[in-house]
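Close look at the chain arrangement
So you can see what is in the structure, the chains are spelled out below.
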Amino acid sequence: LGKNVIYFPQIDSTNNYAKKIAQEGCEEGTVVIADLQTSGRGRLGRKWSSKNKKGILMSVVLKPEISIEELQIITLAASVAVVETVKELIGIGLGVKWPNDIILDGRKVCGILTEASMEMDKINFVVLGIGLNVWHEKEDFPDELEEKATSLSIYMKQKSQLNDIIIRRSRLIIRILYKLEELYDKINKGDLGSITTLWKKYSVTLGREVLISVKGEQHSGIAIDITNEGKLVVECTDGSRKEVLSGEIYVKGL
Ligand code: BTN
């Protein structure tokens, strides 16, 4: 991954651009990076706000040998790559919240947007978008996110560690791609289990009370596990057990 890197000081969305070049037949592993996005996208039609050069905004074009039911594993692999990179290079322990959030100190520090293009029920290509907040100050986030979002530097300033470690976005990017490639190789060999095992190690979702909506119905219960393909298994208060593919969950206390 990352043999071809396309960099933009500014772009609408790295995921949009990656999709466009993937449609035109770019090589697998092509990475699109930007310093600023004018219409960064999140899941469920949300926006992803960015500030010039403060975060990592990147998208990777993948052609995984998996079925659409297994798509979630790509998001989980990316989460593991980010968590392990930040631990290794900066020494901060992050948590993963199913399906696509990375949490620091109870707030979101990174989001992942995995989008698949399908052809005749088969995955044609996948665009994996990663947005990691690195240098943001509190005031860089829109008001409504102030309580919900954080960055690596906000956290390190609180811990007075910022002067000891300089966070370089380029180093983080290189390491994330390196780790992602290792995990991606496992996925393509059919070894999805080792990704979910790693993800579980960092989970802040499992064992907690959650609210989920399945086919428009709300259920509450305890998140007890994730399946090998990355579905969340919830033991509902009505005694039933539900496997949730994606969609919205609310984790109590997070
Ligand atoms: C989410 O939390 O809902 C996912 C956020 C994903 C944001 C990243 S930033 C790089 C890439 N380009 C986009 O437009 N979105 C993703």
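Below you will find a few notes about this structure. On a predicted model such as this, the values are computed, not experimentally measured, just so you know.

**Describing the overall build of the chain**
Helix and strand counts for the chain stand at five helices and twelve strands. Rg of the C-alpha trace for the chain: 18 Å, near the compact-globule value of 18 Å for 254 residues, within the 12% margin. Based on the C-alpha atoms only, the size of the chain along its principal axes is roughly 50 × 45 × 30 Å. Sorting the 254 residues of the chain into buried and exposed places 50% on the buried side. The contacts of the chain with a sequence gap of at least 6 include a subset with a gap of at least 24, amounting to 63%. On the chain, the mean spot of the 35 positive side-chain charges and the mean spot of the 35 negative ones are 4 Å from each other.

**Notes on the packing of aromatic side chains**
Evaluation of the coordinates by the stated rule reveals one aromatic pair. On the basis of an interplanar angle of 70 degrees and a centroid distance of 4.7 Å, the ring pair of phenylalanine 8 and tyrosine 17 is categorised as edge-to-face. Accessibility expressed as a relative area gives 22% for tyrosine 17, which makes it partly exposed.

**Concerning the site of the ligand**
Within the structure, the ligand sits among 20 residues, and Ser13, Gln37, Arg41, Arg43 and Lys108 are positioned closest to it. Within the side chain of glutamine 37, an N or O atom sits 2.9 Å from a nitrogen atom of the ligand. In this structure, lysine 108 approaches the ligand through a side-chain N or O atom, which is 2.5 Å from an oxygen atom. Coverage of the ligand by the protein amounts to 98% of the 410 Å² it exposes when considered alone. For the shell around the ligand, the secondary-structure elements that each account for two or more residues are α1 (14-23), β3 (55-62), β6 (107-119) and β7 (122-133). If one sorts the elements of the shell around the ligand by residue count, β6 sits on top with four residues. The residue inventory of the shell around the ligand, partitioned by class, reads six nonpolar, eleven polar and three charged.

Here is what the cut-offs are and how they apply
Residues numbered from 1 in each chain as written. Predicted model: local features only at pLDDT ≥ 70, side-chain atom pairs only at ≥ 80, totals over all residues. Heavy atoms only, no water. Helix = DSSP H or I, 4+ residues; strand = E, 2+ residues; numbered from the N terminus. Rg over C-alpha atoms; globule rule 2.2 N^0.38 Å. Buried < 20%, exposed > 50% of the residue type's maximum accessible area, 1.4 Å probe, protein only. Contact = heavy atoms within 4.5 Å. Lys, Arg positive; Asp, Glu negative; His and termini not counted. Charge placed at Lys NZ, Arg CZ, Asp CG, Glu CD. Phe/Tyr/Trp six-rings, centres within 6.5 Å; stacked < 30°, edge-to-face > 60°. Near = heavy atom within 4 Å. Polar contact = N/O pair within 3.5 Å; in protein donor to acceptor, adjacent residues only side chain to side chain. Areas by Shrake-Rupley, 256 points an atom, 1.4 Å probe, with all protein chains shown as cover. Nonpolar A, V, L, I, M, F, W, Y, C, P; charged D, E, K, R; others polar.

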